[in-house]
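# Notes for the structure review
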Amino acid sequence: MKFYELLFFFVISYACKAQTLNPDLNQAEQEIIGTWILENDSNTKLIFQSNGTVKTYYSNTLNATHQYEISNSCNEETLNNQLFLKTLNNQNKVIDCSYLDSINYNNSGKMTLVSQNQGKVIVLNKQP
């Protein structure tokens with residue numbers, strides 16, 4: 001019986017490793033462009049533009065415009081195979097940093113972020 005348990009463990013481990021959610025940098029930079037709606041609050045909309053600008057709206061009212069950057073590190077943290085979504089102010093200082101867990105994985109139209117400080121999962125849906 002122990003043999004089958006070990007075999008099952010190795011098969012599951014291999015399958016999980018083969019399907020990584022983390023995108024590569026170039027793919028993420030292309031996939032993020034567009035309009036994203038917060039999954040649990042449809043009033044919150046983010047528009048990522050190809051010039052590195054993100055506009056945040058609430059109830060169709062512009063709340064903020066910032067620069068954004070997808071990077072391999074943020075706030076002096078670097079992890080293997082992990083991208084970060086950084087929001088920057090006008091002086092290119094980091095305002096917010098999130099782990100970019102997945103973006104449009106399997107053409108799902110979803111972006112999943114994890115806040116760096118609090119570990120909250122943020123799910124956004126891409127608009128057509």
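A brief structural summary.

Before going further, it helps to examine the overall build of the protein. Along its length, the protein carries 2 helices and 10 strands. For the protein, the sequential pattern of α-helices and β-strands runs α-α-β-β-β-β-β-β-β-β-β-β. Among the 128 residues that make up the protein, the fraction classed as buried is 31%. Long-range contacts, defined here as pairs at least 24 residues apart, represent 30% of the contacts in the protein between residues at least 6 apart.

Attention now goes to the environment of A64. Residue position: A64 is located in strand β4 (residues 61–71). Here A64 falls in the partly exposed class, since its relative accessible area comes to 22%. When the C-alpha atoms of A64 and L46 are compared, they prove to be 9.7 Å apart, with 18 residues separating the residues in sequence. Beyond its immediate stretch of four places on either side in the chain, A64 contacts V54, K55 and T56.

This model, assessed by the stated rule, comprises 2 salt bridges. A salt bridge links K110 to E39; the nearest nitrogen and oxygen atoms lie 2.5 Å apart. In this pair, K110 is assigned in strand β9 (residues 110–115) and E39 in the loop between β1 (34–38) and β2 (44–48), connecting sequence segments 71 residues apart. Judged by its relative accessible area of 32%, K110 falls in the partly exposed class. The exposure class assigned to E39 is partly exposed, which follows from its relative accessible area of 43%. For the salt bridge of K86 with E69, the shortest nitrogen-to-oxygen distance reads 3.2 Å. Taken together, the residues K86 in strand β7 (residues 83–88) and E69 in strand β4 connect sequence positions 17 residues apart.

Okay, the sheet that holds strand β10 (residues 121–126) next. Read once around its circumference, the closed barrel built from 8 strands follows the order β1-β2-β3-β4-β7-β8-β9-β10, with strand pairing classed as antiparallel. Neighbour to neighbour, the strand axes of the sheet diverge by 35° on average, direction disregarded. Pairing geometry for β1 and β2, over 4 bridges, is antiparallel. Bridge pairing in β2 places G34 opposite F48.

Right, let's talk about the layout of surface pockets for a bit. Approximately 280 Å³ is the volume attributed to the largest pocket. Taken together, the elements giving at least two residues each to the lining of the largest pocket come down to β2, β3 (53–58), β7, β8 (94–103), β9 and β10. At 3 residues, the largest contribution of residues to the lining of the largest pocket is made by β2.

Cut-offs used in this document
- One numbering rule holds for all chains: residues counted from 1, following each sequence as written.
- Residues qualify for local features only when their pLDDT is at least 70, as the model is predicted, and side-chain atom pairs are given and counted only at 80 or more; totals for whole chains, interfaces and linings, by contrast, use all residues.
- Hydrogens and waters are ignored; side-chain quantities use all the structure's heavy atoms.
- Under the scheme used here, helices are H or I runs from DSSP no shorter than 4 residues and strands are E runs no shorter than 2 residues, and both carry numbers assigned from the N terminus.
- Only protein chains enter the calculation, and the probe is 1.4 Å; a residue is then buried if its accessible area is under 20% of its type maximum, exposed if over 50%, and partly exposed in between.
- Whether two residues touch is decided by their heavy atoms; if any such pair falls within 4.5 Å, the residues are in contact.
- For this analysis, a salt bridge means a side-chain nitrogen from Lys or Arg found within 4 Å of a carboxyl oxygen belonging to Asp or Glu.
- Paired strands, in this sense, are two strands between which DSSP finds at least two bridges.
- Lines fitted to C-alpha atoms define the axes, with helix axes restricted to the stretch in contact, and inter-axis angles between N-to-C directions lie between 0 and 180 degrees.
- Of the grid points, spaced at 1 Å and generated over the protein atoms alone, those admitting a 1.4 Å probe that cannot get out make up cavities, while open sets with protein on both sides within 12 Å along at least five of seven lines make up pockets; any residue with an atom within 4 Å of a point is treated as lining.
- Grid points are joined across faces, edges and corners, and a volume is the space filled by probe spheres set on the points.

Function cannot be read off these values alone, since they describe shape.
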